[in-house]
Amino acid sequence: MMLKQNDEKIGNFLFRYRGEIPVLFLIIGLYVRYNHYLAGNQYDSYYDYACLFVSLLGLAMRVHAVGYSPKGTSGRNTGRQLATNLNMTGLYSVVRHPLYLANFIIWLPIAMLSYSTLFCLAFLIFFIWFYVKIIQVEEEYLEKKFGFMYLEWKHQTPAFFPNFHQYDKSYMAFNWKKVLRKEKNGIAAIFVTYFFFQVAHALGSHQSVIIFLSENAFWIIMMIASVSYYFVMKVFISKS
């Protein structure tokens, strides 16, 4: 009983700070990238763009899940579990936790930017532990709130590995305004993170400011654009 209570406390704590805790892990990744610069590697930029492409696939998955979700689901609730509806269509018909799967697709290639196999393995262990704890308390909450309806959906829907054969199209129209409002954090986080990895790369290779600016125009532009977008959404759209 005591062990279950401790697991619940840990899971609720991780859920509450699920946006902040990975940042601490990311800082370690930046330091590793700084110390793992491969001098003269002409494929560095292609590797980073490939990682970005995969991260954007994860973002597209989040966009799909959030855009077709009814009110009261797929939010960025903080502090406690909160749900008024059980979403069982769209991506939720093929996997129970599409947003967490999308986060994995986003953050794994970012961990790979460290150029360290050891760090990537540490990330996988951390990610599994982190989300298993969150999922445990989340599913207990949903089971208590929705009862048999949730248990039936849980029984036929895999937790993390999608079964696309059972895809059930959402009955809702895609809500772009909801996506733009709710995913501003994720969009900015991706491009800001990739930009800082370029900074770590430049510092590790002792690049001059001029070379850094000339070789990283894309990352600088996308970082500025995504941060600007975040503040526009925060100030104008979120309050509308």
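Given the structure is predicted, the values throughout are model-derived calculations rather than measurements. (Residues numbered from 1 in each chain as written. Predicted model: local features only at pLDDT ≥ 70, side-chain atom pairs only at ≥ 80, totals over all residues. Heavy atoms only, no water.)

K.L.:
Mind showing me how you'd approach the packing of helix α3 (residues 44-67) against helix α4 (residues 98-112) here?
P.N.:
Two packed helices can be described by the angle between their axes and the distance between those axes. Here α3 crosses α4 at 170 degrees, and the two axes come no closer than 8 Å. Viewed along their axes, α3 and α4 adopt a mutual orientation that is roughly antiparallel. Where α3 abuts α4, its residues Tyr47, Cys51, Val54, Ser55, Leu57, Gly58, Leu59, Met61, Arg62, Ala65 and Val66 lie against Pro98, Leu99, Leu101, Ala102, Asn103, Ile105, Ile106, Pro109, Ile110 and Met112. Within the contact of α3 with α4, the residues separate by chemical class into 17 nonpolar, 3 polar and 1 charged. (Axes fitted to C-alpha atoms, helices over the stretch in contact; angles between N-to-C directions. Helix = DSSP H or I, 4+ residues; strand = E, 2+ residues; numbered from the N terminus. Parallel < 35°, antiparallel > 145°, perpendicular 65-115°, else oblique. Contact = heavy atoms within 4.5 Å. Nonpolar A, V, L, I, M, F, W, Y, C, P; charged D, E, K, R; others polar.)

K.L.:
Quick question: what am I supposed to make of the confidence of the model for the protein chain here?
P.N.:
Atomic detail in the predicted coordinates should be set aside for any region of low pLDDT. Here the protein chain averages 85 in pLDDT, and 85% of its residues register 70 or above. When mean pLDDT is compared element by element in the protein chain, α4 scores highest at 94, while helix α1 (residues 2-16) scores lowest at 63. The model gives residues 74-79 a pLDDT under 50, and that stretch makes 19 contacts with residues more than four places away or in other chains. (pLDDT = per-residue confidence, 0-100.)

K.L.:
Where do I start with the side chain of aspartate 48 in this structure?
P.N.:
Mapped onto the elements of the fold, aspartate 48 is located in helix α3. By relative accessible area, which is 1% here, aspartate 48 ends up buried. (Buried < 20%, exposed > 50% of the residue type's maximum accessible area, 1.4 Å probe, protein only.)

K.L.:
Is there a simple way to explain the nonpolar core in this structure?
P.N.:
If you look at the biggest cluster of nonpolar residues, it comprises 49 residues, and the most contacted ones within it are Tyr100 and Tyr194. Elements represented by at least two residues in this core include exactly α2 (21-35), α3, α4, α5 (117-146), α6 (148-156), α8 (184-204) and α10 (217-237). Examining the composition of this core, we find that 10 residues originate from one element, α5, more than from any other. Not counting chain neighbours up to four residues away, the residues in contact with tyrosine 100 comprise Phe15, Phe127, Tyr131, Ile134, Ile135, Glu138 and Phe160. (Core = buried A, V, L, I, M, F, W, Y, C linked by side-chain atoms within 4.5 Å.)

K.L.:
Can you help me understand the packing of aromatic side chains in this one?
P.N.:
How two aromatic rings sit relative to each other is given by the distance of their centres and the angle of their planes. In this structure the tally under the stated criterion is 24 aromatic pairs. For the pair phenylalanine 25 and phenylalanine 123, a centre-to-centre distance of 6.3 Å together with 55 degrees between the ring planes defines the contact as tilted. Here phenylalanine 25 is found in helix α2, whereas its partner phenylalanine 123 is found in helix α5, with 98 residues between them in sequence. Take phenylalanine 25 and phenylalanine 123: they sit in the same class, and that class is buried. Aromatic side chains phenylalanine 126 and phenylalanine 130 sit 5.3 Å apart centroid to centroid with 25 degrees between the ring planes, which places their arrangement in the stacked category. (Phe/Tyr/Trp six-rings, centres within 6.5 Å; stacked < 30°, edge-to-face > 60°.)

K.L.:
Would you mind showing me how to read the pattern of salt bridges here?
P.N.:
Between side chains of opposite charge, pairing is possible as soon as their charged atoms come close. Tallying each qualifying case throughout the model produces 4 salt bridges. Where glutamate 139 meets arginine 96, a salt bridge forms, and the shortest distance between an N and an O atom there is 2.8 Å. Of this pair, glutamate 139 sits in helix α5 while arginine 96 sits in the loop between α3 and α4, and the two are 43 residues apart along the sequence. Classification of arginine 96 as buried rests on a relative accessible area of 11%. One salt bridge connects glutamate 139 with lysine 154, and the closest N-O pair in it is separated by 3.4 Å. Separated by 15 residues along the polypeptide, glutamate 139 in helix α5 and lysine 154 in helix α6 bring together distant segments of the chain. Classification of glutamate 139 as buried rests on a relative accessible area of 8%. Residue classification places lysine 154 among the partly exposed residues on the basis of a relative accessible area of 27%. The network of salt bridges with shared partners includes Arg96, Glu139 and Lys154. (Salt bridge = Lys/Arg side-chain N within 4 Å of Asp/Glu carboxyl O.)

K.L.:
It is not clear to me how the state of the cysteines should be interpreted in this structure. Could you clarify?
P.N.:
As used here, a disulfide is simply a covalent bond connecting the sulfur atoms of two cysteines. Applying the stated criterion across every chain yields a total of 0 disulfides. Cysteine cysteine 51 remains unbridged, with the sulfur of cysteine 120 as its closest cysteine sulfur at 8.6 Å. For cysteine 51, a relative accessible area of 4% gives the class buried. (Disulfide = S-S within 2.5 Å.)

K.L.:
Teacher, can you tell me more about the packing of α4 against α5 here?
P.N.:
It is the contact of α4 with α5, at a shortest axis distance of 10 Å, that shows an interaxial angle of 160 degrees. Between α4 and α5, the angle is such that the two are roughly antiparallel. For the element pair α4 and α5, the recorded crossing hand is right-handed. Where α4 abuts α5, its residues Tyr100, Asn103, Phe104, Trp107, Leu108, Ala111 and Met112 lie against Phe119, Cys120, Phe123, Leu124, Phe127, Tyr131, Ile134, Ile135 and Glu138. Looking at the contact of α4 with α5 residue by residue, the class counts come to 14 nonpolar, 1 polar and 1 charged. (Left-handed = near helix turned anticlockwise from the far one by under 90°.)

K.L.:
Help me understand the environment of alanine 50, please; the structure alone is not making it clear to me.
P.N.:
Assignment of secondary structure puts alanine 50 in helix α3. C-alpha separation for the pair alanine 50 and proline 109, spaced 59 residues apart in sequence, amounts to 8.5 Å.

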